[in-house]
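# Fold and geometry: a report
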Amino acid sequence: MGFETRVVGQPDTMEYKVYLEKDGVVQSFFHDVPLYATADKQVLNMVVEIPRWTNAKLEIKTKERFNPIVQDVKKGKLRYVCNTFPHHGYIWNYGAFPQTWENPEHIDQATGCAGDNDPLDVIEIGEQVGYTGQIKQVKVLGVVALIDEGETDWKVIAIDVTDPLAPKINDIDDVETYLPGLLKASVEWFKLYKIPDGKGENQFAFNGQAKDKKFASAVIDETNAFWKKLVASKENAQGIATVNSSDPLTPNFSDNAQDIKAAGTIVPPPSVNQSLFKWYFNASKI
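To keep things clear, this report deals only with the structure shown in the data block. (Residues numbered from 1 in each chain as written. Predicted model: local features only at pLDDT ≥ 70, side-chain atom pairs only at ≥ 80, totals over all residues. Heavy atoms only, no water.)

Right, let's get into the overall build of the protein. Assigned secondary structure in the protein consists of 4 helices and 15 strands. Taken against the 2.2 N^0.38 rule, which gives 19 Å for 286 residues, the C-alpha radius of gyration of the protein at 18 Å falls within 12% of a compact globule. Each of the three principal axes of the protein carries a C-alpha extent, and together these read 55 × 45 × 45 Å. Residues counted as buried form 52% of the 286 residues belonging to the protein. Counted over contacts in the protein with a minimum sequence separation of 6, partners at least 24 positions apart contribute 69%. Summed over all atoms, the accessible surface of the protein reaches about 13,300 Å², with 51% contributed by carbon and sulfur. The centroid of the 30 positive side-chain charges in the protein is displaced by 2 Å from the centroid of its 39 negative side-chain charges. (Helix = DSSP H or I, 4+ residues; strand = E, 2+ residues; numbered from the N terminus. Rg over C-alpha atoms; globule rule 2.2 N^0.38 Å. Buried < 20%, exposed > 50% of the residue type's maximum accessible area, 1.4 Å probe, protein only. Contact = heavy atoms within 4.5 Å. Areas by Shrake-Rupley, 256 points an atom, 1.4 Å probe, with all protein chains shown as cover. Lys, Arg positive; Asp, Glu negative; His and termini not counted. Charge placed at Lys NZ, Arg CZ, Asp CG, Glu CD.)

Right under this line is the structure:
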């Protein structure tokens, strides 16, 4: 799609920031990347924040101009996710859908909780390891409703459209057929990942059961509608930065980011030996 990543600072430092750029213009991961990659809305663009098997808690910085990806900081220290046996780091490519927003002023009818004030989270379950700032084309399979400290924190389940199993996996039931055990492991991961930090188990709506593609698509449509209202406003109570460089009709449009370009360097996609990271499941079911 012509996107490149511009990096400021070094990984594992508080100065580290990954920006997005297209045709020499700095873009926002949150606001400038189209949600849908195809006109029929069957393929979506996902922003990869955290590559599979890594531990650094990287996220789109919603309150900073052009919304770079940065490492989360808590109590003055860089944040990492601990390894909770038998998992190592994040067990999928983890990221977000652009142009979506979980509205903290909206109580979801299904969960009874307000949104978490972030773009909609996505776990991409294909076999390839992505990279931070990658824009992946994915198709939606389902969604899990995590309740994180009283907030709705949807986790959409998706698969890269180029994955070898993508033609066979089209809805949530297909995940168990072709990737047996992955859904159970994913819910377990979200349930346990904060325990090493001294917190209790996370809770879920629907008893942790994943909802299907139709349900997930409705969640995406709703959060996209919330985003449209957000970006159309000059200001917002949550302090979300809505600066973008693709829609001159929005009040915070700007195509001037020379300070970012001066500070950063265009970084090509990393070279990854994907064969080392291929997952193998019960061969009798694949």
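Continuing now.
The next subject is the packing of aromatic side chains. To describe a pair of aromatic rings, you give the distance between the ring centres and the angle between the ring planes. What the rule picks out here adds up to 15 aromatic pairs. Where Tyr94 meets Phe190, the ring centres are 6.5 Å apart and the plane angle is 50 degrees; that geometry is what we call tilted. Residue Tyr94 is found in strand β9 (residues 93–97), and its partner Phe190 is found in helix α2 (residues 182–192); the two are separated by 96 residues along the sequence. With relative accessibility at 6%, the residue Tyr94 sits in the buried group. Three or more aromatic residues joined by ring pairs form one cluster here, namely Tyr90, Trp92, Tyr94, Trp189, Phe190 and Tyr193. (Phe/Tyr/Trp six-rings, centres within 6.5 Å; stacked < 30°, edge-to-face > 60°.)

Time to look at the nonpolar core. The biggest cluster of nonpolar side chains holds 50 residues, and the ones touching the most others in it are Trp92, Ile125 and Phe190. Sort the elements by how many residues they give to this core and α2 lands first, with 6 residues. Apart from the residues within four sequence positions on either side, Trp92 is in contact with Ile50, Pro51, Arg52, Ile123, Glu124, Ile125, Leu182, Ser186, Trp189 and Phe190. With 20 residues, the next largest nonpolar core counts Leu44, Cys113, Val138 and Ala145 among its residues. (Core = buried A, V, L, I, M, F, W, Y, C linked by side-chain atoms within 4.5 Å.)

Right, let's get into the side chain of Ser28. Mapped onto the elements of the fold, Ser28 is located in the loop between β3 (25–27) and β4 (44–50). At a separation of 3.1 Å, a polar atom in the side chain of Ser28 contacts the main-chain amide nitrogen of Phe30. Ser28 has contacts with Leu20, Val33, Phe66, Asn67 and Val243, leaving out every residue within four places of it along the chain. (Polar contact = N/O pair within 3.5 Å; in protein donor to acceptor, adjacent residues only side chain to side chain.)

Take helix α3 (residues 213–231) next. With 19 residues, α3 extends 27 Å from end C-alpha to end C-alpha; this agrees with the ideal 27 Å at 1.5 Å per step. Where α3 is concerned, the buried positions are Ala216, Val219, Ile220, Thr223, Asn224, Phe226, Trp227, Leu230 and Val231. Along α3, the residues classed as buried sweep out an arc of 160 degrees about the axis, all on the same side. When the buried face of α3 is taken as reference, the exposed residues oriented beyond 90 degrees from it are Lys214 and Lys229. Buried residues along α3 sit in contact with β4, β9, β11 (120–124), β12 (135–148) and β13 (151–160). (Expected span 1.5 Å × (residues − 1). Arc of directions from axis to C-beta.)

The next point concerns unusual backbone geometry. For the peptide bond that leads from Phe85 to Pro86, omega is 5 degrees, which places it in the cis range. Turning to its location among the elements, Pro86 is positioned in the loop between β8 (77–78) and β9. Backbone geometry places Asp12, a non-glycine residue, at a positive phi of 65 degrees. Secondary-structure assignment places Asp12 in the loop between β1 (3–8) and β2 (17–22). Located in the positive-phi region is Phe206, a residue other than glycine, with phi close to 60 degrees. Assignment of secondary structure puts Phe206 in the loop between β14 (203–204) and α3.

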